[in-house]
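In case you want the letters, here they are:
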There are 2 protein chains.
Amino acid sequence: MNSETSHKPTKTAKGEQTRALILDTALDLLEERGYEKTTMREIAKKAGVSLGNAYHYFDTKEHLIQAFYHRTHAEHLAATAPALAKHSDMKNRLLAVLRLKISTLAPYHEFAGVLFKTAADPRSPLNPFAHESEQVRHDSIKLFEEMVANTKARIPPDLRAELPYMLWLYHMGIVLFWIHDTSAKQARTYRLIDRTVDLIDKLISLASNPLMRPVRKRALTLVKELREFA
Amino acid sequence: MNSETSHKPTKTAKGEQTRALILDTALDLLEERGYEKTTMREIAKKAGVSLGNAYHYFDTKEHLIQAFYHRTHAEHLAATAPALAKHSDMKNRLLAVLRLKISTLAPYHEFAGVLFKTAADPRSPLNPFAHESEQVRHDSIKLFEEMVANTKARIPPDLRAELPYMLWLYHMGIVLFWIHDTSAKQARTYRLIDRTVDLIDKLISLASNPLMRPVRKRALTLVKELREFA
DNA sequence: GACAAGTCCTGAACGCGTTCAAATTACCGC
DNA sequence: GCGGTAATTTGAACGCGTTCAGGACTTGTC
C-alpha cells in the first residue's frame with residue numbers, strides 16, 4: 001500500500017497526501033464497480049476534491065491503472081516469499097508463483113479486462129513494454145530471475161540466462177488466459193497452470209540435452225532479440 | 001470490397017446502400033487520420049447522413065473495425081493464392097503467407113494499435129475469440145489448414161491435426177509484434193518472420209521424431225484444450 | 001510578518017461517443 | 001392511388017474524459 005514510489009513526487013507534503021487520498025478512493029471504486037462505471041467525477045466527489053484536482057495528480061483515467069499494477073505486484077511479491085523459501089526446485093516454485101499471481105489478481109477479474117485492453121495499445125504508457133512501465137516490468141522479471149538463480153537443476157548457461165524473461169512472457173500469457181477465463185473460480189486457469197508448468201519442466205530438461213544445442217542456440221538468439229526489442 | 005456479407009441485413013435496398021456509403025466513408029477516414037482523430041460526426045457529415053443514422057447501422061464506433069477485419073482478411077486471402085500455388089513445401093508457404101499478411105496490413109499500421117487494443121478486451125465483440133468474430137477467425141484458420149493439408153512432409157497425424165491452429169496463434173503473435181514494431185518499413189517484423197519460420201520448421205521435424213512422442217502428446221492435449229476453450 | 005514564487009485547487013467549458021423520441025420516407029396489400 | 005406499417009433518418013440531449021484560466025493557499029526569504 002505504501003509502496004507507490006514510482007510517480008513523479010509532489011512538491012509539498014499536502015500534495016502527497018491528496019494524491020494518496022485520490023488514489024485510494026479511485027482503487028476502491030474501481031474494484032467495486034469496474035472501470036467504465038467508475039467516473040472521474042465520482043472519484044473526485046468521494047475523495048472530496050474537485051474534478052480538476054484529480055487531473056492534477058493523474059494525467060488520465062488510465063494512469064490510475066498504473067497504480068493498480070504496482071499494488072497487485074507488491075501484493076504478489078509479498079505472497080510469494082514464503083513459497084520460494086519453502087521450495088527449492090523450479091517446478092514447484094513456478095507453480096507457486098503462478099498460482100499466487102492468479103489468486104492475488106482474483107478480486108479484480110472483472111476489471112482486468114480493461115486493464116489489458118489499454119495495456120495492449122502500443123501508444124499507451126501502460127503497455128508492459130512501454131518505457132513508463134519499465135520499473136514494474138523489471139521488478140516482475142526479477143522475481144523470475146531469483147527463481148531461476150537459486151535452482152540447482154542442470155541447465156546450460158545460455159538457457160539459464162534467457163529463462164527468466166521467457167518465464168515472464170509465459171506468465172503474461174497465463175494472465176491473458178485468466179482474463180478470458182469465465183469458469184467458476186477460474187478453475188480452467190489453475191488447470192492450465194498445472195499442465196503448462198509440468199510441460200515447461202519437461203521442455204527445459206529436453207532443451208538442456210547436448211543434442212539440442214543447435215536448435216536451442218537458435219531459439220535463444222531469437223528470444224534475446226525479442227527481449228532487447230522491448 | 002463487396003464481401004461484407006457478415007452483418008445483419010437491412011430491410012430495404014436503400015438501407016443497404018446507405019450502410020455501404022457510411023462504411024466506405026468511415027474506412028477512408030480511419031485509414032487517413034487514425035481511429036481517435038476520426039469522429040463519428042465527421043464520418044456522418046462526409047457521408048452526408050445524420051449522426052444518428054450512422055448509429056443506426058453501426059452500434060458503436062468499434063463496430064466499424066469489424067468491417068476492417070473482413071476487408072484486410074479478404075485482401076490477404078486473395079494475395080495468398082498465387083504464392084500457395086507456387087510453393088509446395090510448408091516452410092516457403094508459411095513464409096509467403098506471413099509476409100503477405102504484413103504487407104497487406106502495412107497501410108494501417110498506425111491504426112492497428114487501436115484495433116488490437118479493442119480486440120484484447122474480452123468483452124468486446126471484436127476480440128478474436130469472441131462469438132461475433134467466429135466467421136473471420138474460422139476463415140483465417142482455414143488458410144492454415146489448407147497450407148498444412150497440402151504439404152507432403154512427414155508429420156505425425158496428431159501434430160498435423162493441431163498444427164493449423166498453432167500456426168494461426170503464431171501468426172497472431174507476429175501481428176502483435178508488428179503492431180509494436182516502429183522500425184523502418186517494419187524490417188524487424190520481416191526479420192522475425194524469417195527467423196521464426198525457420199525455427200518452426202526445425203521444431204516440427206523435431207516434434208515428429210518418435211522419441212518425442214510423449215512430450216508431443218502432452219503438448220498437443222494442451223493445445224487442443226486451448227482451442228476448444230475459445 | 002510581508003512579500004514573491006511557486007504549488008494546489010476549482011469549476012465551467014469543450015468535444016466526444018452514444019441514446020432516443022419524433023419526423024420522414026419507403027414498401028406492400030388493396 | 002391509398003393507407004398503414006415498418007424501416008430509415010433526424011437532431012437535440014446526456015454523461016463522459018479532459019482542458020484551462022484563474023483563484024486560494026504554502027513555502028521560503030528577508
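Here the structure is a predicted model, which means the values were calculated and not measured. (Residues numbered from 1 in each chain as written. Chains lettered and ligands numbered in written order. Predicted model: local features only at pLDDT ≥ 70, side-chain atom pairs only at ≥ 80, totals over all residues.)

Of regular secondary structure, chain A possesses ten helices and zero strands. Reading chain A from its N terminus to its C terminus gives the helix and strand order α-α-α-α-α-α-α-α-α-α. Overall, the C-alpha framework of chain A stretches about 65 × 40 × 30 Å when taken along its three principal axes. Looking at chain A as a whole, 27% of its 230 residues qualify as buried. (Helix = DSSP H or I, 4+ residues; strand = E, 2+ residues; numbered from the N terminus. Buried ≥ 20, exposed ≤ 12 C-beta atoms within 10 Å, placed from the backbone.)

With that settled, consider the packing of helix 8 (residues 157–180) of chain A against helix 9 (residues 187–208) of chain A. Residue and element names in this part refer to chain A. Contact pair helix 8 / helix 9: the axes reach a minimum separation of 11 Å and the direction vectors enclose 160°. If you check the angle between helix 8 and helix 9, you find them roughly antiparallel. Here helix 8 and helix 9 pass one another in a crossing that is right-handed. In this structure, helix 8 contributes Leu159, Tyr170, Ile174, Phe177 and Trp178 to the contact, and helix 9 contributes Thr189, Leu192, Ile193, Ile200, Ala207 and Ser208. (Axes fitted to C-alpha atoms, helices over the stretch in contact; angles between N-to-C directions. Parallel < 35°, antiparallel > 145°, perpendicular 65-115°, else oblique. Left-handed = near helix turned anticlockwise from the far one by under 90°. Contact = placed C-beta atoms within 7 Å.)

This part is about the protein's contact with DNA strand C. Near DNA strand C, the surroundings consist of 23 residues, among which Gly15(A), Ser50(A), Gly52(A), Thr39(B) and Gly52(B) are the closest. Looking at the surface near DNA strand C, the elements with two or more residues in it are helix 1 (13–33) and helix 3 (51–57) of chain A together with helix 1 (13–33), helix 2 (40–47) and helix 3 (51–57) of chain B. It is helix 3 of chain A that contributes the most residues to the surface near DNA strand C, four residues altogether. Residues that form the surface near DNA strand C fall into these classes: six nonpolar, twelve polar and five charged. (Near = placed C-beta within 6 Å. Nonpolar A, V, L, I, M, F, W, Y, C, P; charged D, E, K, R; others polar.)

Time to look at the environment of Arg99(A). Residues and elements named next belong to chain A. Along the chain, arginine 99 falls in helix 5 (residues 90–105). Residue classification places arginine 99 among the partly exposed residues on the basis of 18 C-beta atoms within 10 Å. Residues in contact with arginine 99, not counting those within four places in the same chain, are Tyr190 and Ile193.

Let us now look at the confidence of the model for chain A. Per-residue confidence for chain A gives a mean pLDDT of 88; residues scoring 70 or more make up 92%. Scored below 50 in pLDDT, residues 1–5 of chain A makes five contacts in the model with residues more than four places away or belonging to other chains. (pLDDT = per-residue confidence, 0-100.)

The subject of this paragraph is the packing of helix 5 (residues 90–105) of chain B against helix 9 (residues 187–208) of chain B. Residue and element names in this part refer to chain B. Interhelical geometry of helix 5 versus helix 9 gives an angle of 155° and a closest axis separation of 10 Å. By the angle class used here, helix 5 and helix 9 are roughly antiparallel. Between helix 5 and helix 9 lies a crossing of right-handed hand. Two secondary-structure elements touch here, helix 5 through Lys91, Leu94, Leu95, Leu98, Arg99 and Ile102 and helix 9 through Thr189, Tyr190, Ile193, Val197 and Asp201. Across the contact of helix 5 with helix 9, the residue classes break down as seven nonpolar, one polar and three charged.

The next subject is the nonpolar core. Counting residues in each nonpolar core, the largest one holds 83 residues, and the members touching the most others are Leu115(A) and Leu115(B). Not counting the four nearest positions on each side in its chain, Leu115(A) is found in contact with Ile65(A) and Phe68(A). (Core = buried A, V, L, I, M, F, W, Y, C linked by C-beta atoms within 7 Å.)

With that out of the way, let us pick up the relation of the copies chain A and chain B. At an RMSD of 0.1 Å, chain A and chain B line up after a rotation of 180° and a shift of 0.0 Å along the axis. Such a combination of rotation and displacement between the chain copies is what one expects of a two-fold axis. Taking C-alpha positions as the reference, the residue of chain A nearest the rotation axis is Lys117(A), at 2.5 Å. Same-surface contact between copies: 100% of interface residues of chain A are shared with the interface of chain B. (Least-squares fit on C-alpha atoms with pLDDT ≥ 70 in both.)

This next bit is on the interface of chain A and chain B. Taken residue by residue, the interface counts 23 residues in chain A and 23 residues in chain B. Sorting the residues of the side of chain A that touches chain B by element identifies helix 6 (109–119), helix 8, helix 9 and helix 10 (213–229) of chain A as the ones contributing at least two each. Split by residue class, the side of chain A that touches chain B holds twelve nonpolar, four polar and seven charged.

A few words on helix 5 of chain A. All names here are of chain A. For helix 5, with 16 residues, the first-to-last C-alpha span of 22 Å sits near the 22 Å given by 1.5 Å per residue. Listed in full, the buried residues belonging to helix 5 are Met90, Arg93, Leu94, Val97, Leu98, Leu100, Lys101, Ile102 and Leu105. As for helix 5, its buried residues are in contact with helix 4 (63–86), helix 6, helix 7 (134–149), helix 8 and helix 9. (Expected span 1.5 Å × (residues − 1).)

A few words on the environment of Leu206(A). Here Leu206(A) lies in helix 9. Setting aside residues no more than four positions away along its own chain, Leu206(A) makes contact with Met212(A) and Val215(B).

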